[in-house]
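Notes for the structure review
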Amino acid sequence: MILLDGKKVSANVKAEVAKEVKELNEKGASVCLAVVIVGEDPASKIYVRNKKRACEECGIKSLEYALPENTSQEELLSLINKLNSDKEVNGILVQMPLPKHLSEKAVIDAISPLKDVDAFTDANVGKIMIGSYNFLPCTPAGVMELLKSENIDIEGKNCVVIGRSNIVGKPMSMLLLHKNATVTICHSRTRDIASICRNADLIVAAVGRKHFLTADMVKEGAIIIDVGINRDENGKVCGDVDFENVKEKASYITPVPGGVGPMTISVLMKNTLKAAALQRDTEI
Ligand code: GUN
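Conventions used here
- Residues numbered from 1 in each chain as written.
- Predicted model: local features only at pLDDT ≥ 70, side-chain atom pairs only at ≥ 80, totals over all residues.
- Heavy atoms only, no water.
- Pairing = 2+ DSSP bridges.
- Helix = DSSP H or I, 4+ residues; strand = E, 2+ residues; numbered from the N terminus.
- Axes fitted to C-alpha atoms, helices over the stretch in contact; angles between N-to-C directions.
- Contact = heavy atoms within 4.5 Å.
- Buried < 20%, exposed > 50% of the residue type's maximum accessible area, 1.4 Å probe, protein only.
- Lys, Arg positive; Asp, Glu negative; His and termini not counted.
- Salt bridge = Lys/Arg side-chain N within 4 Å of Asp/Glu carboxyl O.
- Polar contact = N/O pair within 3.5 Å; in protein donor to acceptor, adjacent residues only side chain to side chain.
- Near = heavy atom within 4 Å.
- Areas by Shrake-Rupley, 256 points an atom, 1.4 Å probe, with all protein chains shown as cover.
- Nonpolar A, V, L, I, M, F, W, Y, C, P; charged D, E, K, R; others polar.

Some points on the sheet that holds strand β3 (residues 61–67)
Backbone hydrogen bonds are what pair the strands of a sheet, in a parallel or an antiparallel way. Spatially, β3-β2-β4 is the arrangement adopted by the three strands of the open sheet, whose pairing is parallel. Looking at which strands have only one partner, the edges of the open sheet turn out to be β3 and β4 (91–94). With strand direction ignored, the average angle separating the axes of adjacent strands in the sheet is 15°. Both strand β2 (residues 32–38) and β3 contribute to a ladder of seven bridges, which runs parallel. For cysteine 32, the partnering residue across the bridge sits in β3 and is lysine 61. Those strands touched by helix α2 (residues 42–58) are β2, β3 and β4, and its axis lies near 170° from that of β2.

As structure tokens, this is what we get:
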């Protein structure tokens, strides 16, 4: 079994980004990401902190807008409009989930597709479907980077994605398909997930339930990617995979923490750099 080390691979990606940012700085240009968080969700606060830290490592300027829980839709939309037209801001990230009284769709729709470093807007989701990207979807692209780091070829492989969210499951399936995998998407209404998984050469678990994927669901030698971030009985961070037992059967497996999570953030850094380039191009 080989551990897919997200910390190591993401450090390499961030180092590449940092090098390019430094070159831009030397030419007098800067790169800036605006991060918006509404409310007090503890997990979201940790993610935002990690994103800011990665910006610092890459030499990307970060602006944090921490808004109170009772922020109105109008206030949030007016902040986004302000960031859209601010020439200093290259990327805009609104941390999800938002408090219940706010419409995530309306907020995503308000973000300029040229600054949409999460690739959440309709325009960028459409581009992902077609395979002509402005921005790579952060978590799925992070998974692809991890596979690439070990030269894992997925052409013709049976890949199973468990979960159909707009953030992970759907775009993940597209990226695997673009690499010529045969992709099955499983979800809460899928019948007999276990037997579908047992036929998989690669499984991406993006369910949001601890220990969802157990060893009896995994074929000997399968590649296991764990996107989940949950807490176990003792409050310790764990993924969707029963790691201790599944690792005995897997050929490659991601740990949680230290697997997909750091990769998501390093793709975000890449996207912010890309956003700066897109804005330079559209200014001309
Ligand atoms: N919440 C969970 N994952 C993400 C992500 O990748 N981007 C944003 N904006 N919110 C999230």
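Some details on the sheet that holds strand β8 (residues 223–226)
Pairing within the open sheet is parallel, and its six strands lie in the order β1-β11-β8-β7-β5-β6. In this open sheet, the two edge strands, each paired with only one partner strand, are β1 (2–3) and β6 (182–186). Relative to strand β11 (residues 252–253), β8 runs parallel, the two being bridged by two bridges. From the neighbouring strand, isoleucine 223 faces β11, where its bridge partner is tyrosine 252. Contacting β5 (158–162), β6 and β7 (202–205), helix α7 (residues 169–178) runs over the sheet at an angle of about 170° to β5.

Structural notes on the side chain of aspartate 226
Looking at the secondary structure, you find aspartate 226 in strand β8. No salt bridge is formed by the buried aspartate 226. Its closest oppositely charged neighbour is arginine 209, at 12 Å. A distance of 2.8 Å separates a polar side-chain atom of aspartate 226 from the backbone nitrogen of aspartate 240. Not counting residues up to four positions away in its chain, the partners in contact with aspartate 226 are Ala205, Gly239, Asp240, Val241, Thr254, Val256 and Val260.

Concerning α7
Of all 10 residues in α7, seven are buried; the element is thus mostly enclosed. Of the residues making up α7, those classed as buried are Gly169, Pro171, Met172, Ser173, Met174, Leu175 and Leu176. Along its buried surface, α7 packs onto α5 (122–130), α6 (138–149), β5, β6 and β7. Backbone geometry just downstream of α7 places asparagine 180 in the positive-phi region, at approximately 65°.

Comments concerning the side chain of lysine 14
With respect to the helices and strands, lysine 14 occurs in helix α1 (residues 6–26). Only 2.9 Å separates the side chain of lysine 14 from the side chain of glutamate 57, close enough to count as a polar contact. When neighbours within four sequence positions are excluded, lysine 14 is seen to be in contact with Ala54, Glu57, Cys58, Ser266 and Met269.

Focus on the site of the ligand
Around the ligand sit Lys51, Leu93, Val94, Gln95, Met96, Asp118 and Phe120, and those are all the residues in its vicinity. Between a nitrogen atom of the ligand and a main-chain N or O atom of methionine 96, the distance comes to 2.9 Å. Aspartate 118 places a polar side-chain atom, nitrogen or oxygen, 2.7 Å from a nitrogen atom of the ligand. Protein coverage of the free-state accessible area of the ligand, which is 280 Å², stands at 82%. Tallied by class, residues from the shell around the ligand come to four nonpolar, one polar and two charged.

Remarks on the pattern of salt bridges
Considering all chains together, one arrives at 10 salt bridges under this definition. Aspartate 109 is the partner of lysine 105 in a salt bridge, and the nearest nitrogen-oxygen pair spans 2.7 Å. You can see lysine 105 and its partner aspartate 109 sitting in helix α4 (residues 104–110), four residues apart, about one turn around the helix. Judged by relative accessible area, which is 41%, aspartate 109 ranks as partly exposed. In this structure, a network of salt bridges that share partners links the residues Glu244, Lys247 and Glu248.

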